[in-house]
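Chain and residue survey
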Amino acid sequence: MQFIMDTRLQAMFTYVAVNDVRKKKKALKDFHYSMLPDGLIHGKYPSAYCQVISTFSLHYIYMMWEYYEQTKDLETVRRYLPDMDIILGYYDRKIGEDGLLGRIGFWEFVDWQEAWKETGGMPAALQKGPSTIINLMYAYALECGARLNEEAARPGMAEEYRARQKKIVDIVDGSCWDEERGMYREGPAFSQYSQHAQAWAVLNGLGDKEKQRRALKNALQEKDVLQCSFSTAYEWFRKRPGCTRRRKRTSCVGPPCRGRDAPLVRRNRQMGEANAMRGARCRYMNLFVCLQACARQTGPGTRCESRRIWNICRIWKAWHRLRRARLRLFMRKWKKDKMTEILQAGSCRTKVGRRKDGRTMRQRGR
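Presented here is an overview of the structure given in this document. In this convention, every chain numbers its residues from 1, walking through the sequence in written order. Only residues with pLDDT of at least 70 are given local features in this predicted model, and only at 80 or more are side-chain atom pairs given and counted; all residues enter the totals for whole chains, interfaces and linings. Excluding hydrogens and water, the side-chain values take into account all heavy atoms of the structure.

A closer look at the packing of helix α6 (residues 132-151) against helix α8 (residues 195-203)
Heads up, the condition is: Helix axes are fitted to C-alpha atoms over the stretch in contact, other axes to C-alpha atoms as well, and angles between N-to-C directions run from 0 to 180 degrees. Helix and strand labels come from DSSP, where a helix needs a run of H or I of at least four residues and a strand needs a run of E of at least two; each type is numbered from the N terminus. An angle below 35 degrees is read as roughly parallel, one above 145 as roughly antiparallel, one from 65 to 115 as roughly perpendicular, and any other as oblique. In this scheme the handedness of a crossing depends on how the near helix is turned from the far one: anticlockwise by less than a right angle means left-handed, clockwise means right-handed. Residues are treated as being in contact if the distance between any of their heavy atoms lies within 4.5 Å. For this scheme, ten residues count as nonpolar: Ala, Val, Leu, Ile, Met, Phe, Trp, Tyr, Cys and Pro. Four count as charged, namely Asp, Glu, Lys and Arg, and the remainder, Gly too, count as polar.
Contact geometry for α6 and α8: axes closest at 9 Å, N-to-C directions at 25°. One finds that α6 runs roughly parallel with respect to α8. The crossing of α6 and α8 is left-handed. Packed against α6, whose contacting residues are Thr132, Ile133, Leu136, Met137 and Tyr140, the element α8 presents His196, Ala197, Trp200, Ala201 and Leu203 at the interface. Partitioning the contact of α6 with α8 into residue classes produces eight nonpolar, two polar and no charged.

Examining the sheet that holds strand β1 (residues 177-178)
So the rule is basically this: Strand pairing requires that DSSP identify at least two bridges connecting the strands.
Taken in spatial order, the three strands line up as β1-β2-β3 in an open sheet, and their pairing is antiparallel. Two strands close off the open sheet at either side, each with one partner strand: β1 and β3 (190-193). Packed on one face of the sheet, helix α9 (residues 209-221) meets β1 and β2 (183-187) and runs near 70° to β2.

Regarding the layout of surface pockets
Cut-off, in case you're wondering: We place a 1 Å grid over just the protein atoms. Points where a 1.4 Å probe fits but has no way out form a cavity, open points with protein on both sides within 12 Å along at least 5 of 7 lines form a pocket, and any residue with an atom within 4 Å of a point lines it. Grid points are joined across faces, edges and corners, and a volume is the space filled by probe spheres set on the points.
Taken as a whole, the second largest pocket holds about 220 Å³ of empty space. Looking at the lining of the second largest pocket, the elements that each hand over two or more residues are α1 (4-17) and α2 (22-33). The dominant element in the lining of the second largest pocket, judged by the number of residues it contributes, is α1, at four residues. Partitioning the lining of the second largest pocket into residue classes produces four nonpolar, four polar and three charged.

With respect to the pattern of salt bridges
This is how it is decided: When a carboxyl oxygen of Asp or Glu is within 4 Å of a side-chain nitrogen of Lys or Arg, the pair counts as a salt bridge.
For the structure on display, the rule yields 18 salt bridges. Linking arginine 164 and glutamate 160 is a salt bridge whose minimum nitrogen-to-oxygen distance equals 3.1 Å. Taken together, the positions of arginine 164 and glutamate 160, both in helix α7 (residues 155-175) and four residues apart, correspond to about one turn of that helix. Overlapping salt bridges, with partners in common, bring together Glu143, Arg147, Glu150 and Arg162 in one network.

A word on a positive patch on the surface
What counts is decided by this rule: Like charges within 9 Å and nonpolar side chains (Val, Leu, Ile, Met, Phe, Trp, Tyr) within 5 Å are joined into patches, using only residues over 30% in relative accessible area that form no salt bridge. Here the open area of atoms and residues is found with the Shrake-Rupley method and a 1.4 Å probe, where only the protein chains shown may cover a residue. Here the positive residues are Lys and Arg and the negative ones are Asp and Glu; neither His nor the chain ends is included. Taken as the charge centre is NZ of Lys, CZ of Arg, CG of Asp or CD of Glu, depending on the residue. The classification of residues rests on relative accessible area computed with a 1.4 Å probe and restricted to protein chains. Under 20% of the type maximum is buried, over 50% is exposed, and intermediate values are partly exposed.
Taken together, the side chains of Arg321, Arg324, Arg328 and Arg332 define a basic patch exposed on the protein surface. With respect to the helices and strands, arginine 328 occurs in helix α14 (residues 306-345). Arginine 328 sits in the partly exposed class, given a relative accessible area of 47%.

Considering the environment of glycine 187
Inspection of the secondary structure puts glycine 187 in strand β2. Between the C-alpha atom of glycine 187 and that of isoleucine 134, which follows or precedes it by 53 residues, the distance is 9.9 Å. Excluding residues that lie within four positions of it along the chain, glycine 187 makes contacts with Ala125, Pro130, Thr132 and Cys176.

Some points on the pairing of β2
For β2, the buried fraction is high: five of the five residues fall into the buried class. Relative to β2, β1 runs antiparallel, the two being bridged by two bridges. Of the residues in β2, the one forming a bridge with tryptophan 177 is tyrosine 184. In this structure, the hairpin formed by β1 and β2 is closed by a connection of four residues, where glycine 182 is found at a positive phi of approximately 70°. Examined bridge by bridge, β2 and β3 share two bridges and lie antiparallel to one another. By the bridge assignment, glycine 187 is partnered in β3 with phenylalanine 190. Joining the antiparallel neighbours β2 and β3 is a turn of two residues.

Overview of the packing of aromatic side chains
Rule in force here: Within 6.5 Å between ring centres, the rings of Phe, Tyr and Trp (the latter by its six-membered ring) count as paired, and their orientation is classed by plane angle as stacked under 30 degrees, edge-to-face over 60, tilted in between.
Taken as a whole and assessed by the stated rule, the structure comprises 12 aromatic pairs. Ring centres of tyrosine 91 and tyrosine 138 lie 5.5 Å apart, and the angle between their planes is 15°; this geometry places the pair in the stacked category. Of this pair, tyrosine 91 sits in helix α5 (residues 81-93) while tyrosine 138 sits in helix α6, and the two are 47 residues apart along the sequence. The two residues tyrosine 91 and tyrosine 138 agree in class, both being buried.

Side note on empty space enclosed by the protein
Enumeration over the complete set of coordinates arrives at two cavities of 30 Å³ or more. The computed volume of the largest cavity comes to approximately 130 Å³. Along its surface, the largest cavity is lined by 15 residues, and His59, Val110, Trp200, Thr232 and Glu235 are the ones closest to its centre. Contributing elements (two or more residues each) for the lining of the largest cavity: α1, α3 (56-71) and α8. Of the residues in the lining of the largest cavity, the class split is eight nonpolar, five polar and two charged. Lining the second largest cavity are Tyr184, Gln198, Ala201, Val202, Leu206, Lys211, Gln212 and Ala215. Secondary-structure elements contributing two or more residues to the lining of the second largest cavity are α8 and α9. Its residues assigned to classes, the lining of the second largest cavity shows five nonpolar, two polar and one charged.

So far we have only geometry, and geometry alone does not tell us how the molecule works.
Written as structure tokens, this is what we have:
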């Protein structure tokens, strides 16, 4: 059983850890097989029963784009482009007279929040009209679809998707921006604020850079803003180029890839130019970036030292090596004890032992 949003995040982690993409291809195929006649896919698949989480179909499109971005495997992605067209067509049919998505049906899950407990993880704004988060998630799926269509030599579809995205983001920017609070509301007529809406707004490129920085800063500082949970924090930690101010720092981002990490670079070069650039540093570079982003959230005045964070990554790597070594020793001891217990039990009808000269022999039970 694979939940689409969870599988997508796990795939992003394994792109860093290993170069075997067979599990990602298998997941894409499974989700393709779960397509329903209405135009959505199952929220989890394979599964004993059908559960449709309508927003998870958008994560399927994100996963397709991220798979292509990491592997440059256009042949596999081209096979699932019709699925993307069907899903985006379903969402397009749910647009109301105001130009925004209303209720899209099934389970419109976004995140587990205490304020959304009564709605089962769905934005409370849906009870009074459109949801800013879901509209921006749909807009970003259109952006991913436009990029995939451009790579697949479908310029007409790419142009159509970009036009639909621009229409959505323009309406959201005009009707959901609160100048007094400096953030995007959860809906045109719903005064609730969340980090989710600000993150998706920045990813879609709403407003200028100063406006984006203001929205992210206020989402961090204001106490009544709903914070992203662990599963939805991925979009929060992502950023568009130029939307946040970067402190000038040295180039100390970890040593270049040497030793046993060197084959990783060669394998990545075979998988595409983008992967080669990613593999030119240690495979734990994404962990380094995540720890660096977390360090910035520890409070005012906190300085993120790149060398200190890199040392944390080295400790993390060494701890996992030690953990694997201890596990191997434990399994050897366990197997030895288990074999000794079997040989000494005498309750079996026949037992297989080993003589001192190394040859196997049969010992009859009493």
